[in-house]
Amino acid sequence: MLKTQKELDPTANAEAGGSWYFVEYFNNFMNYIKGKDYPVPLDFFTWHSYSNVEQNIIYAKYVRKTLDANGFTKTESNCNEWNPGTSDRCTVRDAVNVASNMLMWQNAPIDMAMYYNARITSSYGGMYDPLTWEPAKCFYSFKAFNKLYTLKNQILAQSDDSNLLVVGASDGQEVAVMLSNYSTEDTKLEIEGLDGLKEIRYCVIDKDNTFDESDASILKDGVFNGQTVLLITAKK
């Protein structure tokens, strides 16, 4: 099938899909296509996950390692369906889980990650409240990440706390840093690199705020509350 597709249209992308069972399926599929007498193209391998951040990074590394080990070093790894699940829909926990996954995906060994989904009427449509059709807290996690996306260029931003995920971006004039405390526990936080920046703004997503603007007091006494997403923006 894959060989025929490429013969008919050399510009077409050939893919293989997998779901939660992709470990067994994946290995069997790799053994099958690499054992053929002719080379089988594989432009991208897609997989799904409805797990947490810790599991998703393991899956992402496993897929990349397996593709490379079987000679498919140029094959894309695309998690084309992910969602933390439906049980926490419209809660701050869902917003934090989604934000943490997006920050994790940014530095994970994958090529694409697609949230499932943005439909209001879907049970997995975590971006909206199905009763009011208003944006849920999760929506604002995407809004925060979009700020990084619009600045285009990732900059160095790192954390020494495994529960605290962070990504930064800049267009040369403006800087944005997005943080997510995945834990339910508060953590000590000391931010370096803000000296000399102007018009610093803090937008918070937590149990009491929905992308509300705050000031540096959000980090009072160097404490970053558990289950909180924070977007910091500033001008150079």
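Residues numbered from 1 in each chain as written. Predicted model: local features only at pLDDT ≥ 70, side-chain atom pairs only at ≥ 80, totals over all residues. Heavy atoms only, no water.

Regarding the environment of T184
For step 1, the next point in the chain: Inspection of the secondary structure puts T184 in the loop between β7 (174-181) and β8 (187-188).
For step 2, the next point in the chain: For the pair T184 and W82, spaced 102 residues apart in sequence, the C-alpha to C-alpha distance is 22 Å.
For step 3, the next point in the chain: Ignoring sequence-local partners within four residues, the contact set of T184 consists of R93, G226 and Q227. (Helix = DSSP H or I, 4+ residues; strand = E, 2+ residues; numbered from the N terminus. Contact = heavy atoms within 4.5 Å.)

Side note on the environment of K143
For step 1, the next point in the chain: Position of K143 among the secondary structure elements: in helix α5 (residues 137-151).
For step 2, the next point in the chain: Its relative accessible area of 43% is what places K143 among the partly exposed residues.
For step 3, the next point in the chain: On a C-alpha basis, the gap between K143 and A99 in space is 9.9 Å, while along the polypeptide they are 44 residues apart. (Buried < 20%, exposed > 50% of the residue type's maximum accessible area, 1.4 Å probe, protein only.)

A short note on unusual backbone geometry
For step 1, the next point in the chain: Residue N117 is reached from Y116 by a cis peptide bond, and omega for that bond is 0°.
For step 2, the next point in the chain: Within the secondary structure, N117 sits in the loop between β4 (112-115) and α5.
For step 3, the next point in the chain: Its identity is not glycine, yet W133 carries a phi of approximately 65°, on the positive side.
For step 4, the next point in the chain: Relative to the helices and strands, W133 resides in the loop between β4 and α5.
For step 5, the next point in the chain: Among the residues examined, W133 registers a relative accessible area of 54% and is labelled exposed.

Quick look at the pattern of salt bridges
For step 1, the next point in the chain: The final tally for this structure, using the stated rule, is six salt bridges.
For step 2, the next point in the chain: With its nearest N and O atoms 3.7 Å apart, the salt bridge here joins K235 to E199. Taken together, the residues K235 in strand β12 (residues 228-235) and E199 in strand β9 (residues 198-205) connect sequence positions 36 residues apart.
For step 3, the next point in the chain: On the basis of relative accessible area, E199 is assigned to the exposed category, the value being 58%. (Salt bridge = Lys/Arg side-chain N within 4 Å of Asp/Glu carboxyl O.)

Quick notes on the sheet that holds β7
For step 1, the next point in the chain: With antiparallel pairing, the six strands of this open sheet are ordered in space as β5-β6-β7-β12-β9-β10. Pairing within the sheet leaves two strands with one partner each, and these edge strands are β5 (153-155) and β10 (210-214). Each strand axis lies, on average, 25° off the axis of its neighbour in the sheet, ignoring direction.
For step 2, the next point in the chain: Relative to β12, β7 runs antiparallel, the two sharing eight bridges. For A176, the partnering residue across the bridge sits in β12 and is T233.
For step 3, the next point in the chain: Running at roughly 145° to β7, α5 makes contact with β5, β6 (164-170), β7, β9, β10 and β12 of the sheet. (Pairing = 2+ DSSP bridges. Axes fitted to C-alpha atoms, helices over the stretch in contact; angles between N-to-C directions.)

Some details on the packing of helix α4 (residues 92-107) against α5
For step 1, the next point in the chain: Following both chains from N to C, one finds α4 and α5 inclined at 25°, their axes separated by 7 Å at the closest point. As judged from the angle between their axes, α4 and α5 are roughly parallel. Where α4 crosses over α5, the handedness of that crossing is right-handed. Contacts between α4 and α5 involve V92, D94, A95, V98, A99, M102, L103 and Q106 from the first element and K137, C138, S141, F142, F145 and L148 from the second.
For step 2, the next point in the chain: Taken together, the residues of the contact of α4 with α5 sort by class into ten nonpolar, two polar and two charged. (Parallel < 35°, antiparallel > 145°, perpendicular 65-115°, else oblique. Left-handed = near helix turned anticlockwise from the far one by under 90°. Nonpolar A, V, L, I, M, F, W, Y, C, P; charged D, E, K, R; others polar.)

So, α4
Structurally, the α-helix is built with 3.6 residues per turn, so residues lying three or four positions apart point the same way.
For step 1, the next point in the chain: In this model α4 runs 23 Å from its N-terminal to its C-terminal C-alpha over 16 residues, within 8% of the 22 Å that 1.5 Å per residue would give.
For step 2, the next point in the chain: Among the 16 residues in α4, 13 count as buried, and that is most of the element. (Expected span 1.5 Å × (residues − 1).)

What to know about the state of the cysteines
What is meant by a disulfide is a covalent connection between two cysteines, made through their sulfur atoms.
For step 1, the next point in the chain: Applying the stated criterion to the full structure yields zero disulfides.
For step 2, the next point in the chain: Cysteine C79 remains unbridged, with the sulfur of C138 as its closest cysteine sulfur at 15 Å.
For step 3, the next point in the chain: Residue C79 is classed as buried on the basis of its relative accessible area of 0%. (Disulfide = S-S within 2.5 Å.)

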